[in-house]
Amino acid sequence: MSAIDLNADLGEGFGRWRLTDDEGLLSVVTSANVACGFHAGDAATMRRVCALAAERGVTIGAQVSYRDLAGFGRRAMDVPSAELAAEVAYQIGALEVFARAAGARVAYVKPHGALYNRVVRDEEQAAAVVEGVLLADAALPVLGLPGSRLLDLAAKAGLGAVPEAFADRAYTDAGTLVPRTQEGAVIEDPGDVVERSVGLACDGRVTSRSGAPVEVRARSLCVHGDTPGAVDLARRVRRRLEESGVRVEAFA
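Everything numeric here is computed off the predicted structure, so don't read it as measured data.

How each quantity is defined
Residues numbered from 1 in each chain as written. Predicted model: local features only at pLDDT ≥ 70, side-chain atom pairs only at ≥ 80, totals over all residues. Heavy atoms only, no water. Helix = DSSP H or I, 4+ residues; strand = E, 2+ residues; numbered from the N terminus. Buried < 20%, exposed > 50% of the residue type's maximum accessible area, 1.4 Å probe, protein only. Contact = heavy atoms within 4.5 Å. Core = buried A, V, L, I, M, F, W, Y, C linked by side-chain atoms within 4.5 Å. Axes fitted to C-alpha atoms, helices over the stretch in contact; angles between N-to-C directions. Parallel < 35°, antiparallel > 145°, perpendicular 65-115°, else oblique. Left-handed = near helix turned anticlockwise from the far one by under 90°. Nonpolar A, V, L, I, M, F, W, Y, C, P; charged D, E, K, R; others polar. Salt bridge = Lys/Arg side-chain N within 4 Å of Asp/Glu carboxyl O. Pairing = 2+ DSSP bridges. 1 Å grid on protein atoms, 1.4 Å probe; cavity = no way out; pocket = protein on both sides within 12 Å on 5 of 7 lines; lining within 4 Å. Points joined across faces, edges and corners; volume = space filled by probe spheres on them.

**Considerations on the overall build of the chain**
1) Next: Counting its regular elements, the chain contains eight helices and twelve strands.
2) Next: Taken along its principal axes, the extent of the C-alpha atoms in the chain is 40 × 40 × 35 Å.
3) Next: Counting across all 252 residues of the chain, residues that qualify as buried make up 54%.
4) Next: Contacts in the chain between residues far apart in sequence, at least 24 positions, make up 72% of those at least 6 positions apart.

If you want it as structure tokens, here you go:
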């Protein structure tokens, strides 16, 4: 029986504003990528989500980002390597306080948005993220796109390198994500998302936007929490995976 982790981006609010249904998603996913205050999230939100995740037995991960609250971490930024490494470590450390208070620990790290896409090919920025993770905790695995510079450098540094797939994002023929600025970058049909999830988990492949089969071997599958009907969709994905004989469990 194959196994896959189901992760979602959580805690993506700020102050009185909330974007994700954290409680609903935490009843479905096995890993929670918690925003650490740079693209979304604040101290109270981080504390609340960590407590909820620990209560439900969901693994806690630090979702680190460029410092870009106004742009939700999705704007391209040029951050010096030393500064980025320090900011990655800072975000992990902040979340660790609340995870420990909830009786859990930060178990992995995942970049968000523009940083996630940047470290697919940018050696310097990927190395800075790895340095930041090492500063915070050299035992933490890193979640990222298969074939990315981030996962390659993480593995070389002795960190766990965990490949991730996206059922609700369009892929290029090269196996990278179609930028959100392009039409069709997000798969909106729930049925398509569910079937793509099964294909990724069982066959390790997905159909690119051009119609070509693309190999995507992943240990974790992301369901975005900021899409309409996210909780219901996540439930459908998990149910379909389990019906297909896939064991849904955390990787960390």
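Structure's up, so let's keep going.
**Here's the deal with the nonpolar core**
Nonpolar side chains in soluble globular proteins tend to be buried together.
1) Next: Core analysis: the biggest nonpolar cluster contains 75 residues, and I92, L95, V133, L221, V237 and L241 have the highest contact counts within it.
2) Next: Counting residues per element, this core draws most heavily on helix α3 (residues 81-101), at six residues.
3) Next: Apart from residues lying up to four places away in sequence, L95 is in contact with V34, C36, M46, C50, I60, G61, A62 and V106.

**Some remarks on the packing of α3 against helix α5 (residues 123-136)**
1) Next: Close contact between α3 and α5 brings their axes to 7 Å; oriented N to C, the two are set at 40 degrees. Looking at the two axes, α3 sits oblique to α5. At the point where α3 passes α5, the crossing takes the right-handed sense. Taking contact as the criterion, the partners of S81, L84, A85, V88, A89 and I92 in α3 are, on α5, E124, Q125, A128, V129, E131, G132, V133, L135 and A136.
2) Next: Along the lines of polarity and charge, the residues of the contact of α3 with α5 split into ten nonpolar, three polar and two charged.

**Description of unusual backbone geometry**
1) Next: In the Ramachandran plot, F72 falls in the positive-phi region, its phi being about 55 degrees despite a non-glycine side chain.
2) Next: In this fold, F72 is placed in the loop between β5 (59-64) and α3.

**Brief notes about the pattern of salt bridges**
1) Next: Counted under the stated rule, the structure contains 19 salt bridges.
2) Next: Residues R75 and D68 are paired through a salt bridge, measuring 2.5 Å at the closest nitrogen-oxygen approach.
3) Next: The class for R75 is partly exposed, based on a relative accessible area of 46%.
4) Next: Accessibility expressed as a relative area gives 3% for D68, which makes it buried.
5) Next: Within the structure, one salt-bridge network assembled from shared partners comprises E123, R149, D152 and K156.

**Some details on the pairing of strand β1 (residues 3-10)**
The side chains of a regular strand alternate, first on one face of the sheet and then on the other.
1) Next: Judged by how many residues are buried, β1 sits mostly within the fold: seven of eight residues are covered.
2) Next: Both β1 and strand β12 (residues 247-248) contribute to a ladder of two bridges, which runs parallel. Bridged to A3 within β12 is R247.
3) Next: Here three bridges tie β1 to strand β11 (residues 220-222), and the two strands are oriented parallel to one another. Of the residues in β11, the one forming a bridge with N7 is C222.
4) Next: Pairing of β1 with strand β4 (residues 31-35) involves four bridges; the strand directions are parallel. The residue of β4 that forms the bridge with A8 is A32.

**Focus: the packing of helix α4 (residues 113-121) against α5**
1) Next: Packing of α4 against α5 leaves a shortest axis separation of 6 Å and a crossing angle of 115 degrees. The interaxial crossing formed by α4 with α5 has left-handed handedness. Residues L115, R118, V119 and R121 of α4 lie in contact with α5, whose contacting residues are E123, Q125, A126 and V129.

**Section: the layout of surface pockets**
1) Next: The volume enclosed by the largest pocket comes to roughly 420 Å³.
2) Next: What lines the largest pocket is a set of 22 residues, and nearest its centre among them are G113, A114, N117, R169 and R180.
3) Next: When contributions to the lining of the largest pocket are tallied by element, the ones reaching two or more residues are β6 (106-111) and α4.
4) Next: Here the lining of the largest pocket is built from residues that sort into ten nonpolar, six polar and six charged.
5) Next: One number sums up the size of the second largest pocket: a volume of about 220 Å³.
6) Next: Lining the second largest pocket are D168, V186, I187, E188, P190, D226, T227, P228, G229, D232, L233 and R236.
7) Next: A total of three residues in the lining of the second largest pocket trace back to one element, the largest contributor, which is helix α8 (residues 230-243).
8) Next: Within the lining of the second largest pocket, the residues separate by chemical class into five nonpolar, two polar and five charged.

**Here's the deal with the environment of R18**
1) Next: With respect to the element layout, R18 can be found in strand β3 (residues 17-18).
2) Next: Separated by 17 residues in the primary sequence, R18 and A35 have C-alpha atoms spaced 12 Å apart.
3) Next: Excluding residues that lie within four positions of it along the chain, R18 makes contacts with E12, G13 and R48.

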